[in-house]
Amino acid sequence: MKIIGITGGVGAGKTQILEYLNDRYGATVCQADEVARKLQKKGTDCHRAIAEHFGGEILDSKGELNREKLAQIIFTDEKERAALNEIVHPAVKEEVRKIIKKEERRHTSLFILEAALLIDDHYEQICDEIWYVYVEDAIRKKRLIYARGYDAEKVDDIIASQLPKEVFLRNCDRVIDNSGIFEETKIQLDEMVRNLW
Ligand SMILES: CC(C)(COP(=O)(O)OP(=O)(O)OC[C@H]1O[C@@H](n2cnc3c(N)ncnc32)[C@H](O)[C@@H]1O)[C@@H](O)C(=O)NCCC(=O)NCCS
Ligand SMILES: Nc1ncnc2c1ncn2[C@@H]1O[C@H](COP(=O)(O)OP(=O)(O)OP(=O)(O)O)[C@@H](O)[C@H]1O
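Residues numbered from 1 in each chain as written. Chains lettered and ligands numbered in written order. Predicted model: local features only at pLDDT ≥ 70, side-chain atom pairs only at ≥ 80, totals over all residues. Heavy atoms only, no water.

Per an unreviewed UniProt entry, the protein carries the name Dephospho-CoA kinase and comes from Extibacter muris. Listed under Sequence similarities (unreviewed entry) in UniProt, the entry text for the protein is "Belongs to the CoaE family." Entered under Catalytic activity (unreviewed entry) in the UniProt record, the comment concerning the protein runs "3'-dephospho-CoA + ATP = ADP + CoA + H(+)". (UniProt positions renumbered as here; feature names shortened; annotations may be inferred.)

This is the structure:
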């Protein structure tokens, strides 16, 4: 089984690329953000540890995490971000390893793991190749404000909390430029998949 990691900053188009690779090539896809979300549900060890560290104010009326509040804290405070990462990331990695083992038993041929933090969390230990999705900051900012309703300040805070382009470029095996129309991105992806085996 080939394991490809797809990374890049917020709003670079990773999810859209995952959908294409699933539709066009039948790749099995896994999003670390989704894995983290499941592991943070009420009743889990992560949920307990987060509530203990950040206090009851971080929960909503149903006792689930108030994601907006937590985002406000962690994207403006490096120490708090590190504290959350320390709670969530080891659990996410362990779960991803389990998912990969399951897919290996099912003889999946192409497995794609998507996360903004593949480099920070050393997923090169798990992936055969890591692909970096690049989009100019001004363009992804526009896309996120328009499509996701983020305000400009939130986009800037998240961008500032993620690795700069140079570090992504230094650590990734291939680069996908998704600054243009998606048809152009598909051509790059088709070529990359052709060269995989
Ligand atoms: C802070 C939280 C609750 C905000 O949730 P929300 O639903 O509003 O945003 P979402 O999860 O869609 O993230 C928004 C963007 O920020 C990126 N991001 C998320 N966590 C982090 C982080 N710790 N450091 C840098 N970027 C991050 C995501 O990849 C995405 O691009 C959530 O992002 C979270 O729990 N983060 C910690 C877990 C984590 O690091 N996940 C990323 C991969 S394991
Ligand atoms: N080439 C493109 N042209 C125009 N819009 C695009 C293109 N690629 C992606 N988008 C749009 O940009 C927005 C962000 O894309 P997407 O959600 O795939 O990013 P992401 O990298 O998964 O973000 P996150 O890091 O938050 O998970 C979406 O609304 C998506 O439809």
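The rest of the description comes next.
A. How the structure looks around the pattern of salt bridges. A complete count under the given rule lists eight salt bridges for this structure. A salt bridge links Arg-37 to Glu-34; its shortest N-O distance comes to 3.8 Å. Placement of the pair is Arg-37 and Glu-34 together in helix 2 (residues 32-39), with a separation of three residues, close to one helical turn. For Arg-37, a relative accessible area of 40% translates into the label partly exposed. Residue class for Glu-34 comes out partly exposed when judged on its relative accessible area of 37%. Glu-103 is the salt-bridge partner of Arg-106, the closest N and O atoms lying 3.2 Å from each other. Judged by its relative accessible area of 57%, Arg-106 falls in the exposed class. (Salt bridge = Lys/Arg side-chain N within 4 Å of Asp/Glu carboxyl O. Helix = DSSP H or I, 4+ residues; strand = E, 2+ residues; numbered from the N terminus. Buried < 20%, exposed > 50% of the residue type's maximum accessible area, 1.4 Å probe, protein only.)

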